[in-house]
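# Coordinate analysis (summary)
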Amino acid sequence: MMKRVITTTVINQSGVLNRVTGLLMKRQFNIESITVGHTEQPGISKMTFVVHVEDQRKLEQLLKQLQKQIDVLKVNDISDKAIVTRELALIKVLSPPAVRSEITSIIEPFRATVIDMSKNVITVQVTGDPEKVEAFIDLVRPYGIKEMTRTGATAFVRENQKTPSQQLSIL
Amino acid sequence: MSVQVNAKQAEALGGDVQKQAVQGADIFIQSLQNEGVEMIFGYPGGAVLPIYDALYKNPIPHILARHEQGAIHAAEGYARVSGKTGVVIATSGPGATNLVTGIADAMMDSLPLVVFTGQVASAVIGTDAFQEADIVGITQPITKHNYQVKDVNDLPRIIHEAFHIASTGRPGPVLVDIPKNVSNEVFTMAEVKQTEVNLPGYQPTTTPNFLQIQKVAQAIQKAEKPLVLAGAGVLHAKASEELTAFIEQTGIPVTNTLLGLGTIHGEHEQFLGMAGMHGTYAANMAICECDLLINFGARFDDRLTGNLEHFAPNAQVIHIDIDPAEIGKNVPTDIPIVADAKEALQALLKLGIKSDGIEKWTNHLNSMKEEYPLHYKKEEEGILPQEAIELLHKHTGGDAIVTTDVGQHQMWAAQYYKFNHPDHWVTSGGLGTMGFGFPAAIGAQLAKPKETVIAIIGDGGFQMTLQELSLLQESQIPVKVVILNNQCLGMVRQWQQTFYQERYSQSLMPSQPDFVKLAEAYDLEGYKVTSLDEADEIFEKAMNSNKPVLIDCRVKQIENVYPMVAPGKGLHEMLGVK
């Protein structure tokens, strides 16, 4: 299984998200996360998927099937490029006064922020690439996670690419 | 554009005059006329009343099927033989859902259709209103694209785009869902402008990459055992002449997929017959043994390839397809070419390639063709289904348009009816739809009124859409309905015999209507034939008649389609070869 980050530029028409996720379901691809939002151009949205695919052939098939959709303008597998990936997670951690300062000491190096607080629970917001978010969650888990929500990853290709990325033979 | 509307004037005058103003439904008809639509296959209902009213005032020939499924299969038959886009109208809810099988069928077999469905009024969409169904959601995975019209002023653009998408690139069905209020709404634009299609996300590649074409030429020159596989893409591209020229120029032997039949003359000396699950021995062995496989417009369907591990194990694979997503989907490809089959063939023809030193290969294939032809064991009494097809071929000289459903009769028709021309074979290949053949024959006959059209169907499939006999009665459409009646679901029974130790679970249908009386009930000529002599006589009479005829041709019940590649097996593991 390969984990791939795929971005698509789509025309922001009603049903386009449904069309794309329906396609992934029909062709039996597993989505780990999906994010959608507007871009700098009006009427154009960008989707970022993190998917697990079996092999190169399945991946090529996925990219081609996405490309085939009329509302999809561009498809890119950016996994092998130099990219920046960000995800946001909101986590409610059990924090009775006795351990509160201990938890805050974990929060600090992750540059996470406390955005809400009650008697025994603090709500933390953490952003970063999914691995960092994962690491943070692992660290606070022992204190007890009451509730958690994650946005899924969104990604950009870096302006400066060090190595040329592999081209797929789509023609 | 001829529709001129002075919307402001209409608005200012209000009341009765506004009723005179051009409404969505009028724009709809106007747009269809602009697209050159010759006929519509449809069925009215509540949500399309405004459209049918506009049709009443400004008629385009309309074929009133007796079930929406009949309408859409007829449109598929029309599209397949004419190369034009089939147009279907149905109402919301059940009208729309009755089209689903046909839409899926057209998607699988790449048939250009534009399907219009009525929808409940915008204000009540999403409230489970009377006859509401989310047809855009339902058909999203089985259409090339679909739309719901939200503003009447978008209607002309959407219709134009729908026709463009359906008929270009890899053809397919496009659905346009029109809420009732949209067809009633007054069109406020000054006129219907046919603008250029602006679809930045849809730019099909039709011209082959020349470097890739040169690679094909080199591969052909190197190959000792080349083989051409031609699929329906060649037909959609109207390239059978080019294909024939190409194989004659190069000398390469050729085989067909089920849907590709007719791309090459059925009796051409380089033609090995159909390949695949019920393909000929020569064709399947050619695929197993070839060292170069050139695929023009076939999608390497599992019924063709058998077990992929054993498919063309020694071959370098060239795949020419207009749909990039088909290339490499099932079979790894060495030389991929995204192009229209006609343009690719023309580019190859220009290079004047000859395949030298392949006599040993072609001789080998020819001897297999001679030694292991399609065969069946003749019997003294009764009619064998294969004999019936051969008789039909005899009486039509291979010139007829033949339509089928799915199953044994389909395979026998594919094996024994040798087509002289392209676009004369209309069958449900990908989806394998029972009930397809008869309505498809009606559409085919309407597209080609002068040709002989035979619907070769089974007794099971015919009973799924036989209500369309009304159409034959009504318009005297001279379709020849030949029921290969074995009183069972032949292919299901064959598999139960072969793989389930003859446990014929729900596949025998001893009780059925008297098909001759049924024909008479519709005021049509009907015959029952039980012997070869009778069949010979009635077939001759029917094929020379300019009227619709129904023939209940009783054939042997326990008869199997051979040769056969069992599911999961490779093409080299054929049963019933000799």
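Residues numbered from 1 in each chain as written. Chains lettered and ligands numbered in written order. Predicted model: local features only at pLDDT ≥ 70, side-chain atom pairs only at ≥ 80, totals over all residues.

Let us now look at the overall build of chain A. Across its full length, chain A holds four helices and nine strands. Beginning at the N terminus, the succession of helices and strands in chain A can be written as β-α-β-β-α-β-β-α-β-β-α-β-β. Over its C-alpha atoms, taken along the principal directions, chain A stretches across nearly 60 × 40 × 30 Å. For chain A, with 171 residues in total, the buried portion stands at 26%. The long-range fraction of contacts in chain A, counting pairs at least 24 apart against all pairs at least 6 apart in sequence, stands at 75%. (Helix = DSSP H or I, 4+ residues; strand = E, 2+ residues; numbered from the N terminus. Buried ≥ 20, exposed ≤ 12 C-beta atoms within 10 Å, placed from the backbone. Contact = placed C-beta atoms within 7 Å.)

A separate point is the overall build of chain B. Scanning chain B from N- to C-terminus turns up 25 helices and 20 strands. Computed over its C-alpha atoms, the radius of gyration of chain B comes to 25 Å, within 12% of the 25 Å expected for a compact globule of 578 residues. Summarising its shape, the C-alpha atoms of chain B cover approximately 85 × 60 × 40 Å along the three principal directions. Of all 578 residues assigned to chain B, the portion counted as buried reaches 55%. In chain B, 76% of the contacts between residues at least 6 apart in sequence involve partners at least 24 apart. (Rg over C-alpha atoms; globule rule 2.2 N^0.38 Å.)

Before going further, it helps to examine the sheet that holds strand β1 (residues 2-11) of chain A. All names here are of chain A. Within the open sheet, the four strands sit side by side as β2-β3-β1-β4. Their pairing is antiparallel. Both edges of this open sheet fall to β2 (30-38) and β4 (72-77), since each of them pairs with a single strand only. Taking each pair of neighbouring strands and ignoring which way they run, the sheet shows an average axis angle of 15 degrees. Of the strand pairs in this sheet, β1 and strand β3 (residues 44-53) are connected by ten bridges, and their pairing is antiparallel. Bridged to M2 within β3 is V53. (Pairing = 2+ DSSP bridges. Axes fitted to C-alpha atoms, helices over the stretch in contact; angles between N-to-C directions.)

It is worth spelling out the UniProt feature "domain: Thiamine pyrophosphate enzyme central" (unreviewed entry) in chain B at this point. In this numbering, the UniProt entry assigns the feature "domain: Thiamine pyrophosphate enzyme central" (unreviewed entry) to residues 213-348 of chain B. Helix makes up 35% of residues 213-348 of chain B and strand 20%, with an end-to-end C-alpha separation of 7 Å. (UniProt positions renumbered as here; feature names shortened; annotations may be inferred.)

Another aspect to go through is the packing of helix α13 (residues 240-250) of chain B against helix α16 (residues 341-350) of chain B. All names here are of chain B. As a packed pair, α13 and α16 sit with axes 9 Å apart at the nearest point and diverge in direction by 30 degrees. Along this stretch, α13 crosses α16, giving a crossing that reads as left-handed. Only K342, L345, Q346, L348 and L349 of α16 make contact with α13, whose side of the interface consists of E242, L243, A245, F246 and Q249. The residue inventory of the contact of α13 with α16, partitioned by class, reads six nonpolar, two polar and two charged. (Left-handed = near helix turned anticlockwise from the far one by under 90°. Nonpolar A, V, L, I, M, F, W, Y, C, P; charged D, E, K, R; others polar.)

The subject of this paragraph is the interface of chain A and chain B. On the side of chain B, 16 residues touch chain A, which itself brings 19 residues to the contact. Examining the composition of the side of chain A that touches chain B, we find that six residues originate from one element, helix α2 (residues 56-68) of chain A, more than from any other. Residue composition of the side of chain A that touches chain B, by class: six nonpolar, six polar and seven charged.

Residue and element names in this part refer to chain B. Structurally, chain B comprises domain 1 (7-184), domain 2 (210-371) and domain 3 (385-561). Computed over C-alpha atoms, the centres of domain 1 and domain 3 are 31 Å apart. Taken together, the contact pairs 24 residues of domain 1 with 25 residues of domain 3. Elements represented by at least two residues in the side of domain 1 that touches domain 3 include exactly α5 (68-82) and α7 (100-108). Broken down by element, the residue count for the side of domain 1 that touches domain 3 peaks at eleven residues, all from α5. Grouping the amino acids of the side of domain 1 that touches domain 3 by side-chain chemistry returns ten nonpolar, nine polar and five charged. (Domains from an automatic or database assignment.)

What follows concerns the UniProt feature "domain: Thiamine pyrophosphate enzyme N-terminal TPP-binding" (unreviewed entry) in chain B. Per the UniProt annotation, the sites labelled "domain: Thiamine pyrophosphate enzyme N-terminal TPP-binding" (unreviewed entry) are residues 23-136 of chain B. Helix makes up 44% of residues 23-136 of chain B and strand 16%. Its end C-alpha atoms lie 23 Å apart.

All names here are of chain A. According to the domain assignment, chain A contains domain 1 (2-77) and domain 2 (85-155). For domain 1 and domain 2, the distance between their C-alpha centroids amounts to 29 Å. Across the contact, seven residues belong to domain 1 and six residues belong to domain 2. When residues of the side of domain 1 that touches domain 2 are traced back to their parent elements, those giving at least two are β1, β2 and β3. Element by element, the count of residues in the side of domain 1 that touches domain 2 is highest for β2, at three residues. For the side of domain 1 that touches domain 2, the class distribution of residues is three nonpolar, four polar and no charged.

So, about the environment of D340 of chain B. All names here are of chain B. Residue position: D340 is located in the loop between β12 (335-338) and α16. For the pair formed by D340 and T188, sequence separation is 152 residues and the distance between their alpha carbons is 40 Å. In contact with D340, not counting residues within four places along its chain, are T206, A237 and I322.

Next up on the list: the nonpolar core. One finds V88 and L293 of chain B to be the most contacted residues of the largest nonpolar core, which totals 181 residues. Among residues more than four places away in sequence, those in contact with V88 of chain B are F41, G42, A71, I72, A75, L99, L113, V115 and F116 of chain B. Counting 17 residues, the second largest nonpolar core, distinct from the first, contains F49, V75, A153 and A155 of chain A. (Core = buried A, V, L, I, M, F, W, Y, C linked by C-beta atoms within 7 Å.)

Residues and elements named next belong to chain B. For the pair α5 and helix α20 (residues 437-447), the least separation of the axes is 6 Å and the interaxial angle reads 45 degrees. Taken as axis vectors, α5 and α20 run oblique relative to one another. Both α5 and α20 take part in a crossing whose hand is right-handed. Contacts between α5 and α20 pair G70, H73, A74, A75, E76, G77, Y78, R80, V81 and S82 from the former with P439, A440, A441, I442, G443, A444, L446 and A447 from the latter. Grouping the amino acids of the contact of α5 with α20 by side-chain chemistry returns eleven nonpolar, five polar and two charged. (Parallel < 35°, antiparallel > 145°, perpendicular 65-115°, else oblique.)

Next up on the list: the sheet that holds strand β2 (residues 62-64) of chain B. Residue and element names in this part refer to chain B. Read from one edge of the open sheet, six strands run β2-β1-β3-β4-β6-β5, paired in parallel fashion. At either margin of the open sheet sits one strand with a lone partner, and together these are β2 and β5 (145-148). Each strand of the sheet is rotated relative to its neighbour by a mean of 20 degrees, with strand direction disregarded. Both β5 and strand β6 (residues 173-179) contribute to a ladder of four bridges, which runs parallel.

Residues and elements named next belong to chain B. Under the 1.5 Å per step criterion, the end-to-end length of α5 is 21 Å for 15 residues, consistent within 8% with the ideal 21 Å. For α5, a buried count of 14 out of 15 residues is recorded, marking the element as mostly surrounded by other parts of the structure. Within two residues after α5, G83 carries a phi angle of roughly 80 degrees, on the positive side. (Expected span 1.5 Å × (residues − 1).)

Here we take up helix α18 (residues 385-396) of chain B. Residue and element names in this part refer to chain B. Under the 1.5 Å per step criterion, the end-to-end length of α18 is 17 Å for twelve residues, consistent within 8% with the ideal 16 Å. Burial analysis of α18 places ten of its twelve residues in the buried class, the great majority of the element. Structurally, α18 contributes buried residues whose contacts are with α19 (408-416), β15 (453-458), β16 (480-485), α25 (532-543) and β18 (549-554). Trailing α18 by a residue or two, G397 shows a phi angle of about 65 degrees, which is positive.

Residue and element names in this part refer to chain B. In this structure, the amide linkage connecting Y562 to the following residue, P563, adopts the cis form with an omega of -5 degrees. In this fold, P563 is placed in the loop between β18 and β19 (564-565). Its identity as a non-glycine residue notwithstanding, Q506 has a phi of 60 degrees, on the positive side. Inspection of the secondary structure assignment puts Q506 in the loop between α23 (490-499) and α24 (515-521). Exposure remark for Q506: the 9 C-beta atoms within 10 Å place this residue in the exposed category.

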